[in-house]
Amino acid sequence: MTAEPLPEHPDFLWRNPEPRSSYDVVIVGAGGHGLATAYYLAKNHGITNVAVLEKGWLAGGNMARNTTIIRSNYLWDESAAIYEYALKLWEGLPEELDYDFLFSQRGVLNLAHTLQDVREGVRRVNANRLNGVDAEWLEPDEVAKVCPILNVSSRTRYPVLGGTFQPRAGIAKHDHVAWALARRADELGVDLIQGCEVTGFLKDGNRVVGVETNRGRILAGRVGLASAGHSSVLAERAGVRLPVQSHPLQALVSELHEPVHPTVVMSNHVHVYVSQAHKGELVMGAGVDSYNGYGQRGSFHVIEQQMAAAVELFPVFARAHVLRTWGGIVDVSPDASPIIGTTPVENLYVNCGWGTGGFKATPAAGWTFAHTIATGEPHPLNAPFALERFATGALIDEHGAAAVAH
């Protein structure tokens, strides 16, 4: 097994500059989306007087608590467009950022266990192809060729009737992605300020003119919220009520094993997804916990059901030992699609509601959010995801099509 390269710890992770009195743009949240937004503000729009504020440490929130899956095989046109753009950016990002963050296009396999799953899967494959997204429908024997350790016997509790497969999908090392984006943003002049919690907003009438933080007031021409799980709390402090709910989302990894799992396998019906990290850990997750909460932990019964499903699909994992579990906080919109754009408060922009889709969208979320903040107008890719759709009814309902339970 090839040894994983040691992570690079750039100086900016420890430098942590004192915030200046004012910036052209303040981004709240130094996770993947916040860092990508800052990078593209500088790279694409020449806006470098930018501060990214993080209440904890850089990329220590959901960016450090995800299962690293990248795919674009979403059903609806609007979703397919933004996620496919993200995947195309992912494919060039290691070279662009000059950083090997272990992007591995090993494919994602979504299993079908019922006739309804089969119908939904075939429909999604056809929709993907119409949108230029690589997608295939596989019969059970073809599924077994893609992932030989998967139990495709007809005598199991949830027999595999087939599956969709996106060959270009895969995984990437999440902390390396954050460091790569942060390093480039730092080189372009962006201030990355850790331990700086936003506690309120400075307003002039209906216009945001800055933020209150635990390190003092910071004036800002524009403010972008990219704080997964806490966007609704922050927005409410500025006078905006967002239609999102925060839920725990948990996952786990096993001890190290030799490489045996060649792809990513997802099953909405038995509520689990499994991949194998570069070092050899089995990475497993499920959908969000059903209750609302802000704790970075989950309920034990979800883990139990997740493990039972994993062993049903992969009997070879029955003797694997859990190494650690973790939980993040995701904000989920009513249609399980993101909200990215302007708000009723002038100069305040929001990027939230991604549910389980945040990591895979990272570069496209940053690209489009940077465009929106820089120009005051949405990019064509994020225009359908405006907050106004919840008033007009133009929803993008990915609840039944995202291949994982939200």
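Just above sits the structure.
Residues numbered from 1 in each chain as written. Predicted model: local features only at pLDDT ≥ 70, side-chain atom pairs only at ≥ 80, totals over all residues. Heavy atoms only, no water.

## Remarks on the pattern of salt bridges
Which entries qualify depends on this criterion: Here a salt bridge means any side-chain nitrogen of Lys or Arg lying within 4 Å of a carboxyl oxygen belonging to Asp or Glu. Helix numbering and strand numbering both begin at the N terminus, where a helix is a DSSP run of H or I of at least 4 residues and a strand a DSSP run of E of at least 2. Residue exposure (1.4 Å probe, protein chains only): buried if accessible area is under 20% of the type maximum, exposed if over 50%, otherwise partly exposed.
Scanning the entire structure with this criterion turns up 13 salt bridges. As a salt-bridge pair, Arg215 and Glu18 come within 2.9 Å of each other at their nearest N and O atoms. Taken together, the positions of Arg215 in the loop between strand E10 (207–213) and strand E11 (216–225) and Glu18 in the loop between helix H1 (12–15) and strand E1 (22–28) put the pair 197 residues apart, joining distant regions of the chain. Take Glu18: its relative accessible area is 60%, and that puts it in the exposed class. Among the charged side chains, a network of salt bridges with common partners joins Glu84, Glu91, Asp134 and Arg168.

## Points about the packing of helix H3 (residues 77–97) against helix H9 (residues 362–375)
Stated formally: Convention adopted: a line fitted to C-alpha atoms gives each axis, helices being fitted over their contacting stretch, and angles between N-to-C directions are expressed from 0 to 180 degrees. Angular relationships are summarised with four words: roughly parallel below 35 degrees, roughly antiparallel beyond 145, roughly perpendicular across 65 to 115, and oblique for the angles in between. Contacts are assigned to residue pairs that have any heavy atoms within 4.5 Å of one another. Polar here means any residue other than Ala, Val, Leu, Ile, Met, Phe, Trp, Tyr, Cys and Pro, which are nonpolar, and Asp, Glu, Lys and Arg, which are charged; Gly is therefore polar.
Packing of H3 against H9 leaves a shortest axis separation of 7 Å and a crossing angle of 105°. Judged on the interaxial angle alone, H9 and H3 are roughly perpendicular. On H9, the residues touching Ile82, Tyr85, Ala86, Leu89, Trp90 and Leu93 of H3 are Thr362, Pro363, Ala364, Trp367 and Thr368. Split by residue class, the contact of H3 with H9 holds nine nonpolar, two polar and no charged.

## Points about the nonpolar core
We count it as follows: Residues grouped as a nonpolar core are buried Ala, Val, Leu, Ile, Met, Phe, Trp, Tyr and Cys residues, joined through side-chain atoms within 4.5 Å.
Within the largest apolar cluster, 53 residues are counted, with the highest numbers of intra-cluster contacts made by Trp90 and Phe101. At the level of secondary structure, the elements contributing two or more residues to this core comprise E1, helix H2 (32–45), strand E2 (50–54), H3, helix H6 (174–187) and H9. It is H3 that contributes the most residues to this core, eight residues altogether. The residues touching Trp90, leaving out its near neighbours within four places in the chain, are Ile70, Phe101, Phe103, Ala172, Val177, Phe359, Lys360, Thr362 and Pro363. Judged by nonpolar contacts, the second largest core, of 27 residues, contains Val198, Val223, Val244 and Val350.

## Describing the pairing of E10
A regular strand places its side chains so that they alternate between the two faces of the sheet. Stated formally: In short, DSSP must find at least two bridges between two strands for them to pair.
With six bridges joining them, strand E9 (residues 198–204) and E10 adopt antiparallel strand pairing. Bridged to Phe201 within E10 is Val211. Hairpin connection, E9 to E10: the antiparallel pair is bridged by two residues, and Gly205 has positive phi, about 70°. Turn length for the E10-E11 hairpin, with the two strands adjacent in sequence and antiparallel, is two residues.

## Brief notes about the layout of surface pockets
The criterion, for reference: As defined here, a cavity is a set of points on a 1 Å grid over the protein atoms alone where a 1.4 Å probe fits but cannot get out. A pocket is an open set with protein on both sides within 12 Å along at least five of seven lines, and residues line them when an atom is within 4 Å of a point. Grid points are joined across faces, edges and corners, and a volume is the space filled by probe spheres set on the points.
Space inside the second largest pocket adds up to approximately 320 Å³. As for the second largest pocket, its lining consists of 18 residues, and the residues nearest its centre are Lys173, His174, Ala277, Glu281 and Arg324. Mapped onto the lining of the second largest pocket, the elements with two or more residues apiece are H6, strand E15 (281–285) and strand E16 (322–332). Looking at the lining of the second largest pocket, its residues break down into seven nonpolar, five polar and six charged.

## What to know about the environment of Ala42
Tracing the chain through its elements places Ala42 in helix H2. What makes Ala42 buried here is its relative accessible area of 8%. The spatial distance from the C-alpha of Ala42 to the C-alpha of Gly200 is 26 Å, given a sequence separation of 158 residues. Once residues within four sequence positions are removed from consideration, Ala42 is found in contact with Ile47, Thr48, Leu188 and Val190.

## Regarding empty space enclosed by the protein
Under the criterion given, the structure shown has two cavities of 30 Å³ or more. Its volume calculated, the second largest cavity comes out at about 30 Å³. Along the walls of the second largest cavity sit Arg65, Asn66, Thr67, Leu249, Gln250, Ala251, Tyr273 and Trp326, which together make up its complete lining. Here the lining of the second largest cavity gets three residues from one element, more than from any other, and that element is strand E12 (residues 245–256). Partitioning the lining of the second largest cavity into residue classes produces four nonpolar, three polar and one charged.

## Structural notes on the pairing of E1
Applied cut-off: The path from the first strand over the helix to the second decides the hand: if it runs clockwise while the strands point away from the viewer, the crossover is right-handed.
The buried fraction of E1 amounts to five of the seven residues, a majority that puts the element mostly inside the structure. Note: E1 against E11, six bridges, orientation parallel. Pairing of Ser22 across the sheet is with Leu219, part of E11. Alignment of E1 against E2, held across four bridges, turns out to be parallel. Note on E2: the bridge partner recorded for Val28 is Leu53. With H2 bridging E1 and its parallel neighbour E2, the resulting β-α-β unit is right-handed.

## Here we look at the side chain of Thr67
Quick note on the threshold: Counting of polar contacts relies on pairs of N or O atoms within 3.5 Å, with two restrictions inside protein: one atom must be capable of donating a hydrogen and the other of accepting it, and residues adjacent in sequence are counted only when both atoms are side-chain atoms.
By secondary structure assignment, the location of Thr67 is in the loop between E2 and strand E3 (69–70). In this structure the side chain of Thr67 is engaged in a polar contact, spanning 3.0 Å, whose partner is the side chain of Tyr273. Sequence-distant contacts of Thr67, that is, excluding residues within four places in its chain, are made with Ala251, Tyr273, Val283, Met284 and Trp326.

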